[in-house]
Amino acid sequence: MNATRSVRQFEDEGAVELIDRALAENAGSACITCSFQIEDMIVLHLLRERRPHVPVLFLDTGYHFAETYAYRDRMTQAWNLNLINVLPLQSVAEQEAELGILYRSDPAACCHRRKVEPLMKAIEPYDVWFTGLRREQSPTRAGLKVMESHRLPTGKELIKVSPLAAWDWKQVWSYALANGIEYLPLYDAGYNSIGCEPCTAVPMEGADPRSGRWGGRKLECGIHTFSKMTE
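Residues numbered from 1 in each chain as written. Predicted model: local features only at pLDDT ≥ 70, side-chain atom pairs only at ≥ 80, totals over all residues. Heavy atoms only, no water.

### Overview of the nonpolar core
Piece 1. Phe36, Met41, Ile42, Leu44 and Phe130 are the most contacted members of the largest nonpolar core, which has 46 residues in total.
Piece 2. Looking at this core, the elements that each hand over two or more residues are helix H1 (15-24), strand E1 (30-33), helix H2 (38-48), strand E2 (55-59), helix H3 (66-78), strand E4 (128-130), strand E6 (157-161) and helix H7 (169-178).
Piece 3. Examining the composition of this core, we find that 7 residues originate from one element, H2, more than from any other.
Piece 4. Judged by nonpolar contacts, the second largest core, of 10 residues, contains Leu57, Leu119, Trp129 and Leu158. (Core = buried A, V, L, I, M, F, W, Y, C linked by side-chain atoms within 4.5 Å. Buried < 20%, exposed > 50% of the residue type's maximum accessible area, 1.4 Å probe, protein only. Helix = DSSP H or I, 4+ residues; strand = E, 2+ residues; numbered from the N terminus.)

Below, the structure written as structure tokens:
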């Protein structure tokens, strides 16, 4: 399958079947973007059974929780991951010296510099992009398709695959616990969506899981909106 073929036919397939078909019908290289949240770990768990050395792209913003870095390193060793730490052009110190505390004054610009721009370059060599996105995570993701054709700003086209798009929170944790997947300890502290430490808070009970991100000022960092869905 190539990026111009219709992807709507895959909506009724389960996560395992979807991954198998995405890999079987795309001859190009595949990767997964991984923030080491539980959804990403489930997709990675399934992918590793098929592609043990699949590239795992981690956006190392320099602002992550210490617990996230420790968990990343622990799981990289335990699962023998092909980890690729995707770095911004500037270090945290360099950016703050030039622009101040950008995540306070302009969080969208901070995300763009430390997440979106680095990912745009890092994702370019790949033809299939796996994610742990789910529709339930946020109103901005309610229309998510399990498989989408995307065009990067450079014009490069690729297939974006979200095997857990239709899963709910209960399904996520049922799978993780049934398969013995170690999880990021911050979940036990009440976090449901975990990103950079300064921009992540525990959401209010019953609120959107991503409502604790960026102090409610926005719901997306931009890494899932910079590419244009073509089908």
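On we go from here.
### Concerning the confidence of the model for the protein chain
For residues with low pLDDT, the predicted coordinates do not support detailed interpretation.
Piece 1. Summary statistics for the protein chain give a mean pLDDT of 86 and a share of 82% for residues scoring 70 or more.
Piece 2. Per-residue pLDDT stays below 50 along residues 1-6; that stretch engages in 18 contacts with residues further than four places along the chain or on separate chains. (pLDDT = per-residue confidence, 0-100. Contact = heavy atoms within 4.5 Å.)

### Thoughts on the pattern of salt bridges
Piece 1. In this structure the tally under the stated criterion is 10 salt bridges.
Piece 2. Glu25 is the partner of Arg21 in a salt bridge, and the nearest nitrogen-oxygen pair spans 3.1 Å.
Piece 3. Taking the relative accessible area as the measure of exposure, Arg21 reaches 26% and is therefore partly exposed.
Piece 4. The partner of Arg72 in a salt bridge is Asp60, with the nearest N and O atoms 3.7 Å apart. Taken together, the residues span a long stretch of sequence, with Arg72 in helix H3 and Asp60 in the loop between E2 and H3 at a distance of 12 residues. Each member of the pair, Arg72 as well as Asp60, carries the same accessibility label: buried.
Piece 5. Within the structure, one salt-bridge network assembled from shared partners comprises Asp20, Glu49 and Arg50. (Salt bridge = Lys/Arg side-chain N within 4 Å of Asp/Glu carboxyl O.)

### Looking at the packing of aromatic side chains
Piece 1. All chains considered together, the criterion is met by 11 aromatic pairs.
Piece 2. Residues Trp167 and Tyr175 carry aromatic rings whose centres are separated by 5.9 Å and whose planes lie at 55 degrees to one another, so their mutual orientation is tilted.
Piece 3. Of the residues examined, Trp167 reaches a relative accessible area of 16% and is grouped as buried.
Piece 4. For Tyr175, a relative accessible area of 17% translates into the label buried. (Phe/Tyr/Trp six-rings, centres within 6.5 Å; stacked < 30°, edge-to-face > 60°.)

### A look at the pairing of E6
Working note: regular strand, side chains alternate between the two faces of the sheet.
Piece 1. Counting buried positions along E6 yields 4 of 5 residues, so the element is predominantly enclosed.
Piece 2. One ladder, built from 3 bridges, connects E4 with E6; its direction is parallel. Looking at the pairing, Trp129 lines up with Lys160 of E6.
Piece 3. Summarising the sheet, strand E5 (residues 147-151) and E6 pair through 5 bridges and their orientation is antiparallel. Across the sheet, residue Arg151 finds its bridge partner in E6, namely Glu157.
Piece 4. The turn linking E5 back onto E6 is made up of 5 residues, and Gly155 within it adopts a positive phi angle of 100 degrees. (Pairing = 2+ DSSP bridges.)

### So, the state of the cysteines
Piece 1. With the rule as written, the count across this model stands at 0 disulfides.
Piece 2. Looking at Cys199, it has no disulfide partner, and the nearest cysteine sulfur is the one in Cys196, 6.2 Å off. (Disulfide = S-S within 2.5 Å.)

### Quick word on helix H6 (residues 107-122)
Piece 1. End to end, H6 covers 22 Å across 16 residues, agreeing with the expected 22 Å (1.5 Å per residue, within 8%).
Piece 2. At Arg113, H6 is bent by approximately 40 degrees, the largest bend along its length.
Piece 3. Turning to H6, its buried residues are Pro107, Cys110, Cys111, Arg114, Lys115, Val116, Pro118 and Leu119.
Piece 4. Contact partners of the buried residues in H6: E1, E2, strand E3 (82-86), helix H4 (92-99), helix H5 (102-105) and E4. (Expected span 1.5 Å × (residues − 1). Bend = angle between axes of the 7 residues up to and from the residue.)

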